[in-house]
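Residue-level listing of the chains:
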Amino acid sequence: MQQSLPGQPEPLPEAREVVAGIWKITLPIPFPLQTVNMYALVGNHGWTLVDTGMGMPEARTALTAALQKAGLSIDTLDTIVLSHHHPDHVGLSGELQEQSGASVYMHPIDEASIQVIWAGTMPQKFGRVSRFLLQHGLPPSELWFTQVDPEAMRDIIRVPPHDAITLVEDDQYIDLAGERYRVIWTPGHSDGHICLFRERDGVFLAADHVLPRITPNIGLYSQYDRTNPLGDYLDSLRKVSPLPASIVLPGHGEPFTDVATRVEEIIEHHQQREMQILTLLDKQPQHAYQLAEQLFGHRLKNNEARRMAVAETLSHLEYLRYGGQVEQHKTTEGLILYSVA
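Report on the accompanying structure. (Residues numbered from 1 in each chain as written. Predicted model: local features only at pLDDT ≥ 70, side-chain atom pairs only at ≥ 80, totals over all residues. Heavy atoms only, no water.)

### Details of the overall build of the protein chain
Within the protein chain, the regular secondary structure consists of 10 helices and 16 strands. Whereas a compact globule of 341 residues would reach a radius of gyration of roughly 20 Å, the protein chain reaches 20 Å, a difference of no more than 12%. By principal-axis analysis of the C-alpha atoms, the protein chain measures approximately 65 × 45 × 40 Å. A total of 341 residues make up the protein chain; the buried ones form 58% of that total. A separation threshold of at least 6 residues defines the contact pool for the protein chain, and within that pool the share at least 24 residues apart is 65%. Accessible surface for the protein chain amounts to roughly 14,400 Å². Of this, 52% is attributable to carbon and sulfur atoms. A distance of 3 Å separates the average location of the 26 positive side-chain charges in the protein chain from that of its 42 negative side-chain charges. (Helix = DSSP H or I, 4+ residues; strand = E, 2+ residues; numbered from the N terminus. Rg over C-alpha atoms; globule rule 2.2 N^0.38 Å. Buried < 20%, exposed > 50% of the residue type's maximum accessible area, 1.4 Å probe, protein only. Contact = heavy atoms within 4.5 Å. Areas by Shrake-Rupley, 256 points an atom, 1.4 Å probe, with all protein chains shown as cover. Lys, Arg positive; Asp, Glu negative; His and termini not counted. Charge placed at Lys NZ, Arg CZ, Asp CG, Glu CD.)

As structure tokens, then:
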């Protein structure tokens, strides 16, 4: 459940040069945020694409127009970097890699996720998530992907095979379009999320780690994930806060400059949410879905929103539990309740 500031519309699909040799390409997506940013890093011989959007018809049209405007062609695409496994960031990666023969970089945790989720085992993966959230009070629900024809789904989301991907680790340097970037592993929004930092001039490609006007969804979706995603996320925010960033290029919204101030605002938002949860638990022990309904209320318009809200509430509850502030109890029906420690 991304928190957004009122009165600021999402940017429309577009392509524009935001730093010399770096194009921001904004494509439509079928989610509440409406658009996602990809970045084309242009060198003298070939170019790199950071993240790849999704393959709906309107996104394909926007991408074709964007590449034309930037004077780029898929033939000269030599590298793709995938910041994390979410569909709006990896959807066209398989197709673009196939067409161009580009090498693909990704963190091993999220590379394993794309192979599990998008390479044919998605129903099992989401079934596991549903069972996990069921014990935290979320009613059984239909998922968006079950309503999409598998063939059409293949056009929208297709990822490269495992052997086409080069795995990258925290603090590794990679050459992209003739420039040197440092990989920064920032678990939180996803377990294997990475950012890129160009030390030469402070260009910081932040993907969904630090966004300008919303807080990224930090959720716990399964017992197989890292156990304390909010703890991870807050640590990852503090890790990037001191970077001498001249410009932050986010996965959603517009580029901005002051990373440290934005980090402080996001940390403060999460502290306020923790206080809200503790206040609600003061009344009585509750499960994550009961709390999510009180925290997000009118915003829980569909199954997807409810699922994200429960996962996000759960990440706060587990963070508080690791900090010794709340406890977990199982009811005779198998529901998991939280109470103030």
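Now, onward.
### As for empty space enclosed by the protein
One pass over the structure, following the stated rule, counts two cavities of 30 Å³ or more. Approximately 70 Å³ is the volume attributed to the largest cavity. What lines the largest cavity is a set of 14 residues, and nearest its centre among them are V50, D51, S83, L205 and A207. Mapped by element, the contributors of at least two residues to the lining of the largest cavity are β4 (35–42), β11 (194–198) and β12 (203–207). When the residues that make up the lining of the largest cavity are grouped by side-chain class, the tally is 10 nonpolar, three polar and one charged. In this structure, the second largest cavity is lined by S130, L133, L134, L138, P139, P140, S141 and R307. Considering each element in turn, the lining of the second largest cavity owes the most residues, three residues, to helix α5 (residues 122–134). (1 Å grid on protein atoms, 1.4 Å probe; cavity = no way out; pocket = protein on both sides within 12 Å on 5 of 7 lines; lining within 4 Å. Points joined across faces, edges and corners; volume = space filled by probe spheres on them. Nonpolar A, V, L, I, M, F, W, Y, C, P; charged D, E, K, R; others polar.)

### Thoughts on the sheet that holds β12
Read from one edge to the other, the open sheet built from five strands follows the order β9-β10-β11-β12-β14, with strand pairing classed as mixed. With partners counted over all chains shown, the strands left at the sheet margins are β9 (173–176) and β14 (247–250), one partner each. Neighbour-to-neighbour, the strand axes of the sheet open up by a mean angle of 30°, direction not taken into account. Alignment of β11 against β12, held across three bridges, turns out to be antiparallel. Residue L196 lies in a different strand from β12, and its bridge partner there is L205. (Pairing = 2+ DSSP bridges. Axes fitted to C-alpha atoms, helices over the stretch in contact; angles between N-to-C directions.)

### What to know about the side chain of S100
Within the secondary structure, S100 is located in helix α3 (residues 93–100). Residues contacting S100, with those up to four places away along its chain left out, are I74 and L77.

### Some points on the nonpolar core
Judged by nonpolar contacts, the single largest core of 41 residues is most densely connected at I25, L27 and W118. Only β3 (22–28), β4, β5 (47–50), α1 (57–70), β6 (77–81), β7 (103–106), α4 (108–118) and α6 (150–156) provide two or more residues apiece to this core. The leading source of residues in this core is α1, at six residues. When sequence neighbours within four positions are dropped, the list of residues in contact with I25 reads E14, A15, V36, N37, M38, A40, L63, A66 and L67. Ranked by size, the runner-up nonpolar core spans 24 residues in total, among them L138, I277, L280 and F296. (Core = buried A, V, L, I, M, F, W, Y, C linked by side-chain atoms within 4.5 Å.)

### Observations concerning unusual backbone geometry
Negative phi is the rule for most residues except glycine; trans is the rule for most peptide bonds. For D171, which is not glycine, the phi dihedral falls at a positive 75°. Mapped onto the secondary structure, D171 falls in the loop between β8 (165–167) and β9. According to the relative accessible area criterion, D171 is partly exposed, its value standing at 45%. For A177, which is not glycine, the phi torsion reads 50° and is therefore positive. Tracing the backbone shows A177 in the loop between β9 and β10 (179–185). On the accessibility criterion, A177 (17% relative accessible area) is buried.

Purely geometric stuff here, so don't read any function into it on its own.
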